[in-house]
Amino acid sequence: MTVWQPMDDGHADLASHDTFAKGPPHNTFARLRREDPVHWSEWSGGRGFWSITRHADILELNRQFDAFSSAQGIRMEDQTREEYLARRTFQETDPPEHMKTRIKVAKAFSKPVIAGFEGQIRDLTQEILDRALAQDEFDATREIARQLPMRLLGRIIGVPDADLPWLVEKGDALIANTDPDFTDHVLDRMDTDEFRLMPFNSPAGAELWEYAQALMAEKNRKGDTDGVLHMILQPDRDGNVISELEFRNFFCLLVAAGNDTTRYSIAAGIQALAHQPELLGQMRAGGDIWETAPDEIIRWATPALYFRRTATRDYELHGKTIRAGDKVLFWWVSGNRDERVFDDPFRVDLARAPNPHLSFGKGGPHLCLGMHLARLEVKVLFEELARRVRSVTPAGPHEFLRSNFVGGIKRLPVRVETL
Amino acid sequence: MKVTWRLADGREISADATAGETLKDAALAAGVPHILGECGGSMSCATCHVVLPPEWAEKAGPPGEFEDAILDTTEAPRQATSRLSCQIEMHPGLDGLTLIVPEP
């Protein structure tokens, strides 16, 4: 049994957030990979865009950061120069500028440093599962998937546990700014112009900024120099320090990106367990499966559906000419289901190897900074879950986020039988 | 031009590399274990870490500023002659080079 159900007629509107509220339009992506791998879409909300849908093409273009720049925004929406400068993080810069920021925090997210968190991740997972599995039926996104990244974020940033629900609510309002479940200021449904210089066009950006300022003042008062926020504030070799604006945007990026992506990987993994019952047994057997299972779950989930680039020069591909200045969307979610690369791509194969999935932005300079943390969280969570649970079955239909940018199951009712 | 990778278990893999090709690309083409190159050669990941024998380290030169910083994030501990192999381009002076592939 495959987990995937056809949800669209092959001609879905990729610019519409409503399309993705029914799950990624996989029939449309399959058709585009087959018939029109460099596809132009008009868009009522701004300038049109190109969609790149084949795995090999995404890898090839992602490598060419000089031809496909991140420095005019990474989402579909158009930004003025003023908006770009006010809202950008190092995600929205190109090498070499990107590296100046990245090297300040790279060590904090390196594999050996992240490995040191394993004990804490396991303890948090136990607490979360103790509470969740006390019920027979629950929303697995809310009770499990949302909990672990949120609690861990607190440890990494160094904030009190009591503040975490508020922080995560604000992080959700930023990154899920097209879903009315998560924000009162839905990006494409109302005028968000007064917030246009705030991160993600959202007033939550301003609230997070005030929080970050107070947090750092408190840390300075106590002489607390632990954590990634302190690292980002250190001068580089030339004595340059990050501006207040850049710090605010970096903090918002951590709270938003460090939080919902792993949540939706975990949710997609639990959904897979509910639809492919053999997976739990494979997990329980353990062994080598844990070398490959986390990446397969993260391929299956693809929480970042696309990142946008902007062409800096004319570029020919498959008989189409992408013009300088055109927006180009790399659809990771489509590359991750490309039948040219993945055998039986709509099936979760925990032993899949090699697994050159694109969920972390493989092959380019913006490769996910937190990928080692994401893999470790997913690994530990499913190790512990498989130890305790005999079966997971759906207890109702699951619901997707209304967003063509972040792909995630926001409600996942399940029934569990514990061992 | 010939390049040899020496693995932790003593096994060696040799391959031809062309001038201008990076040693990361040569390793991927030759299927050298532990050389992943996940960021495509843009110094964002440190998964193409190699250690040069002292006699070759000087010929290959020292790491640049960003490479030096990213070498602090390798999985296997950094050594005095560690490099990111995506930042070394093959040239005739490196013909016959041996690279040590460190394992964590």
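The structure contained in this document is the topic of the report that follows. (Residues numbered from 1 in each chain as written. Chains lettered and ligands numbered in written order. Predicted model: local features only at pLDDT ≥ 70, side-chain atom pairs only at ≥ 80, totals over all residues.)

1. Regarding the overall build of chain B
Helix and strand counts for chain B come out as 3 helices and 5 strands. Order of helices (α) and strands (β) in chain B, N terminus to C terminus: β-β-α-β-α-α-β-β. For 104 residues, the compact-globule formula gives about 13 Å, and the C-alpha radius of gyration of chain B, at 12 Å, lands near that figure. Each of the three principal axes of chain B carries a C-alpha extent, and together these read 30 × 25 × 25 Å. For chain B, long-range pairs separated by at least 24 residues make up 64% of all intrachain contacts whose partners lie at least 6 apart in sequence. (Helix = DSSP H or I, 4+ residues; strand = E, 2+ residues; numbered from the N terminus. Rg over C-alpha atoms; globule rule 2.2 N^0.38 Å. Contact = placed C-beta atoms within 7 Å.)

2. Here's the deal with the packing of helix H13 (residues 244-275) of chain A against helix H15 (residues 289-301) of chain A
All names here are of chain A. The geometry of H13 relative to H15 is characterised by a closest axis approach of 8 Å and an angle of 95° between their N-to-C directions. Between H13 and H15, the crossing angle belongs to the class labelled roughly perpendicular. In contact with Tyr-264, Ser-265, Ala-268, Gly-269 and Ala-272 of H13, H15 contributes Ile-297, Ile-298, Trp-300 and Ala-301. (Axes fitted to C-alpha atoms, helices over the stretch in contact; angles between N-to-C directions. Parallel < 35°, antiparallel > 145°, perpendicular 65-115°, else oblique.)

3. Thoughts on the interface of chain B and chain A
Taken residue by residue, the interface counts 14 residues in chain B and 18 residues in chain A. Grouping the constituent residues of the side of chain B that touches chain A by class yields 6 nonpolar, 4 polar and 4 charged. (Nonpolar A, V, L, I, M, F, W, Y, C, P; charged D, E, K, R; others polar.)

4. Examining the pairing of strand S12 (residues 413-418) of chain A
All names here are of chain A. Relative to S12, strand S4 (residues 137-139) is paired through 3 bridges, and the arrangement is antiparallel. By the bridge assignment, Glu-137 is partnered in S12 with Arg-415. Bridge count between strand S9 (residues 389-394) and S12: 5 bridges; the pairing is antiparallel. Following the sheet pairing, Thr-393 is matched in S12 by Arg-415. (Pairing = 2+ DSSP bridges.)

5. Some details on the sheet that holds strand S2 (residues 49-52) of chain A
All names here are of chain A. The 5 strands are arranged S1-S2-S8-S5-S3 in an open sheet whose pairing can be described as mixed. Strands with a single pairing partner mark the edges of an open sheet, and in this sheet they are strand S1 (38-41) and strand S3 (68-69). Pairing between S3 and strand S5 (residues 306-311): 2 bridges, direction antiparallel. Looking at the pairing, Phe-68 lines up with Ala-311 of S5.

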